[in-house]
Amino acid sequence: MADQDDIEETLLGGPLRYTRKEVEALSGVPDDYARRIWQALGFPAPPDDEVAFTDGDVAALREIKELLGTELVDEGMVLQLARAVGQTMGRLASWLGDVWLQRIGELPPDEPAAADVVTAALLATEELRPAFERLLLHGWRRQLTAVGMRAAATTATAQSDPAAGIAHLAVGFADVVSFTRLSRHLDGDALAAFIERFEVTTAEIIAELGGRVIKTLGDEVLFVGSEPRAVAEIGLRIAERFNEDPDFPEVRVGLAYGEVIQRLGDVFGTPINLAARLTATAHPGTVLIGGGLAEILPAGDYDISALRARPLQGLGRVRPFRLRRPKPRT
């Protein structure tokens, strides 16, 4: 049976060797700034005399010190990056841990690995770690390339100011109707499968049409796209896909268009708030859009009908529009 020291050493790639003061001396990064990086990653700062750091931590801080010697990187940028890395990697690590435990828990009782779940998980993690690290790096490079291409395109058309993180985008929310009530009747495995099905289905539709998932919150997904028509199509396809599925609840969608702020992989601004409020007020299986998006969608491509104005929290009285497929000509 693996103990905590074995787990820590295996996953960290080496034993804990250093206190905070020793790390400062070895890396050349001041203790106060190193502590801020550690907290930005999502970890509480250990006591001064606790041996809590590895050779890998020292090497990482040395890399940061080297980066800070360039003109393009400052301390604020490093803290922002650490915060983004901590949030993203934390979620990914939690997912991987859940998958490992689930897979090992499914082994037959007479399998040797089933006798020691922790040891089996450690062995599997260490064996597969190099491949996963390569996959993570490749995925990051592909995503970085996509970001670069989007920035180049928006700069060329003067639609955004990359330095300020401001762009004109179409945004959308989609959420599962009556999810809270439904979740009370599902056990843990069924609920996890339900959420995964929603996330996978919506992510595939969004990616297929050139949109981008910003975040998922179990029963809800936020997505954006630079092409309003593509985002309108995403909203309709998501609603249609789940409307046609008798084994899945209906989904409602809200879409809007306008100026948004892009920061640390997230988006902020009135269009996001409007899309969220429209989603909350939409009937099951329908797509509501804001006036800004209704004005710029190509005439004749969709059936867009104005609804009565209604108060939306934080936005005053707003007239939503219902988006549907064009009516067949007779």
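Remember, predicted model here, so these are calculated numbers, not experimental data.

Undergrad: What is the right way to read the packing of helix α8 (residues 188–208) against helix α9 (residues 228–243) from this model?
TA: Taken N-terminus to C-terminus, the directions of α8 and α9 make an angle of 145 degrees; their axes are 10 Å apart at the nearest point. Relative to α9, α8 is oriented so that their crossing is right-handed. Where α8 abuts α9, its residues Phe-198, Thr-201, Thr-202, Ile-205, Ile-206 and Glu-208 lie against Ile-234, Arg-237, Ile-238, Arg-241 and Phe-242.

Undergrad: For this particular structure, what's the right way to read the pattern of salt bridges?
TA: Two side chains bearing opposite charge may form a pair once their charged atoms approach each other closely. Scanning all chains against the criterion turns up 13 salt bridges. For Glu-233, the salt bridge identified is with Arg-237, shortest N-O distance 3.2 Å. Residue Glu-233 and its partner Arg-237 are both found in helix α9; the two are separated by four residues, about one turn of the helix. Taking the shortest distance from any N to any O, the salt bridge between Arg-325 and Glu-240 comes out at 2.8 Å. Remark: Glu-240 occurs in helix α9 and Arg-325 occurs in the segment after β11 (321–324); sequence separation between them is 85 residues. Arg-325 gets classed as partly exposed once you look at its relative accessible area, which sits at 33%. According to the relative accessible area criterion, Glu-240 is partly exposed, its value standing at 26%. One salt-bridge network, held together by shared partners, links Glu-208, Glu-233, Arg-237, Glu-240 and Arg-325.

Undergrad: What exactly am I supposed to notice about the environment of Val-78 here?
TA: Along the chain, Val-78 falls in helix α5 (residues 75–105). Owing to a relative accessible area of 9%, Val-78 belongs among the buried residues under this scheme. Between the alpha carbons of Val-78 and Ala-40 there is a distance of 9.5 Å; along the sequence they are 38 residues apart. Beyond its immediate chain neighbours, meaning those up to four positions away, Val-78 contacts Tyr-33, Ile-37, Ile-64, Leu-68 and Val-73.

Undergrad: Please explain the packing of aromatic side chains as it appears in this structure.
TA: How two aromatic rings sit relative to each other is set out by the distance from centre to centre and by the angle between their planes. Counted under the stated rule, the structure contains six aromatic pairs. Between the aromatic rings of Phe-198 and Phe-242, the centroid separation amounts to 5.7 Å while the plane-to-plane angle is 40 degrees, which identifies the pairing as tilted. Remark: Phe-242 occurs in helix α9 and Phe-198 occurs in helix α8; sequence separation between them is 44 residues. Phe-242 shares its class with Phe-198; the two are buried. Measuring from ring centre to ring centre gives 6.5 Å for Phe-198 and Phe-248, while their planes differ by 15 degrees; the resulting arrangement is stacked. In this pair, Phe-198 sits in helix α8 while Phe-248 sits in the loop between α9 and β5 (251–263), placing the two residues 50 residues apart along the sequence. The same class applies to Phe-198 and to Phe-248, which are both buried.

The rules behind the values
Residues numbered from 1 in each chain as written. Predicted model: local features only at pLDDT ≥ 70, side-chain atom pairs only at ≥ 80, totals over all residues. Heavy atoms only, no water. Axes fitted to C-alpha atoms, helices over the stretch in contact; angles between N-to-C directions. Helix = DSSP H or I, 4+ residues; strand = E, 2+ residues; numbered from the N terminus. Left-handed = near helix turned anticlockwise from the far one by under 90°. Contact = heavy atoms within 4.5 Å. Salt bridge = Lys/Arg side-chain N within 4 Å of Asp/Glu carboxyl O. Buried < 20%, exposed > 50% of the residue type's maximum accessible area, 1.4 Å probe, protein only. Phe/Tyr/Trp six-rings, centres within 6.5 Å; stacked < 30°, edge-to-face > 60°.

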